[in-house]
Amino acid sequence: MEWDKSASLLLEKVPPFIQKTVREKVETLARNRGKDIVTEADVVAAREAFMNKSGSQQPITKQQPKHNEKLSVLRKYSKYFDENGNPVLYHINTCRGTEVNCPFLITDPKILADKLRKRLEELNFTEKLINKIEGHILPHHTMKLAVSGCPNSCSMPQIKDFGVHAIESVYVDPDCECIECMKCVETCREDAITVKNRQVVIDKEKCVHCGLCAKVCPAGSIKAEEKKYRVMIGGKVGRHPRFALDLLPTADEATVLKALVACIDIILTNKTERHFRTLIEQLGIEEIKKRL
Ligand code: SF4
Ligand code: SF4
Ligand code: SF4
């Protein structure tokens, strides 16, 4: 089995007469964690396991072998494990708006994605989901999330369990007279703006809250409101694909996080292993809205 550089350096520090034994024990542990290459984390974990066995620290929990067995299918996919080999039963996609300096970007999606990730960790989502599922954990049991920096939704929040995209709503400011340059009309892809006799009308049904018209208006006649998010839940692909349902058409960051907690609660407290979309349909989206 291959060892990376930092793991090899740690092994070199072990007295030569027990190096062979240590090597075998670490490799067994790494293999059990589904690894092909031994890393520093495996060496540290093996050392801790050894110390626990010697009685100098907490005993090893009996749950570990059970977890290992439950995770055996997921071990075929590295994306369900962090760099230390620990399971992570959620995945958050973000669009590349910030990296590519996207002209449509409203808000850096990675900022919200980090907060969603932190909340999932604080709530111990992975551990609780492992405990909830009786048999093998399969890819469809894991939670898929996506955040996009604008309504173009490049990270596809519409087909995720929990999807979010940034929005920037606009309004007409009556104190700033329109000069009829028509830049807003040319910019709006939704054909949502009408300008006649210096009167600007925005069709709220057509508007997707991209905020672009406010950016191009030289007179300040169209202005942007505070940047917010749209939250949708229950999207899925597969045998019966479904687009996500609108949970919150407009929400601030705190409300998005609250919505995530409500969704996790539904997933974890339901005794069955039904797909999140099925749980939403059973409960009703309006009932979930009431919980926020
Ligand atoms: S979702 Fe919007 S901001 Fe993100 S990459 Fe796509 S167009 Fe750009
Ligand atoms: S915010 Fe976007 S979709 Fe809405 S009116 Fe302006 S340009 Fe059109
Ligand atoms: S961009 Fe502004 S000034 Fe130009 S037509 Fe639109 S609202 Fe009027």
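Residues numbered from 1 in each chain as written. Chains lettered and ligands numbered in written order. Predicted model: local features only at pLDDT ≥ 70, side-chain atom pairs only at ≥ 80, totals over all residues. Heavy atoms only, no water.

Enquirer: Is there a simple way to explain the site of ligand 2 in this structure?
Expert: Every residue close to ligand 2 is listed here: Val170, Cys188, Glu190, Ile193, Ile202, Cys207, Val208, Cys210, Gly211 and Cys213. A class-by-class count of the residues in the shell around ligand 2 yields eight nonpolar, one polar and one charged. (Near = heavy atom within 4 Å. Nonpolar A, V, L, I, M, F, W, Y, C, P; charged D, E, K, R; others polar.)

Enquirer: I would appreciate a short explanation of the pattern of salt bridges in the present structure.
Expert: A pair can form between side chains of opposite charge whenever their charged atoms are brought close. In total, this model carries 15 salt bridges according to the counting rule given. For lysine 118, the salt bridge goes to glutamate 122, with nearest N and O atoms at 3.5 Å. Highlighted residues: lysine 118 and glutamate 122, both in helix α5 (residues 109-122), separated by four residues, approximately one helical turn. Across the pair lysine 215 and glutamate 168 runs a salt bridge whose closest N-O atoms are separated by 3.3 Å. Of the two residues, lysine 215 is situated in helix α8 (residues 212-216) and glutamate 168 in the loop between β5 (162-167) and β6 (170-172); the sequence distance between them amounts to 47 residues. Taking the relative accessible area as the measure of exposure, lysine 215 reaches 47% and is therefore partly exposed. (Salt bridge = Lys/Arg side-chain N within 4 Å of Asp/Glu carboxyl O. Helix = DSSP H or I, 4+ residues; strand = E, 2+ residues; numbered from the N terminus. Buried < 20%, exposed > 50% of the residue type's maximum accessible area, 1.4 Å probe, protein only.)

Enquirer: Can you walk me through the packing of aromatic side chains in this structure?
Expert: The geometry of an aromatic ring pair is captured by two quantities: the separation of the ring centres and the angle between the planes. Considering all chains together, one arrives at two aromatic pairs under this definition. Between tyrosine 77 and tyrosine 80 the ring centres are 5.8 Å apart and the planes differ by 85°, which places this aromatic pair in the edge-to-face class. For tyrosine 77, a relative accessible area of 37% corresponds to the partly exposed category. Among the residues examined, tyrosine 80 registers a relative accessible area of 7% and is labelled buried. Across from the ring centre of tryptophan 3, 4.9 Å away, lies the NZ or CZ of arginine 23, which sits over that ring. (Phe/Tyr/Trp six-rings, centres within 6.5 Å; stacked < 30°, edge-to-face > 60°. Lys NZ or Arg CZ within 6 Å of the ring centre and 35° of its normal.)

Enquirer: Looking at this structure, I do not really get the packing of α5 against helix α9 (residues 253-269). What am I missing?
Expert: Any two packed helices are characterised by the angle at which their axes cross and by the distance between the axes. The contact between α5 and α9 brings their axes to 10 Å, and the two run at 40°. In the packing of α5 onto α9, the handedness of the crossing is right-handed. Where α5 approaches α9, its residues Leu112, Lys115, Leu116, Arg119 and Leu120 are matched on the opposing element by Glu253, Val256, Leu257, Leu260, Val261 and Ile264. For the contact of α5 with α9, the class distribution of residues is eight nonpolar, no polar and three charged. (Axes fitted to C-alpha atoms, helices over the stretch in contact; angles between N-to-C directions. Left-handed = near helix turned anticlockwise from the far one by under 90°. Contact = heavy atoms within 4.5 Å.)

Enquirer: Which parts of the structure should I look at to understand the domain arrangement of the protein?
Expert: Partitioning the protein into domains gives domain 1 (2-60), domain 2 (78-167 + 228-290) and domain 3 (170-224). Inter-centroid distance (C-alpha atoms) of domain 2 to domain 3 is 33 Å. Listed per partner, the contact involves seven residues of domain 2 and six residues of domain 3. Buried surface at the junction of domain 2 and domain 3, summed over both partners, amounts to about 460 Å²; 61% is from carbon and sulfur atoms. Considering only the side of domain 2, the residues that lose the most area to domain 3 are Phe104, Pro151 and Ile167, jointly responsible for 67% of the buried surface there. (Domains from an automatic or database assignment. Buried area = accessible area lost by both parts, 1.4 Å probe.)

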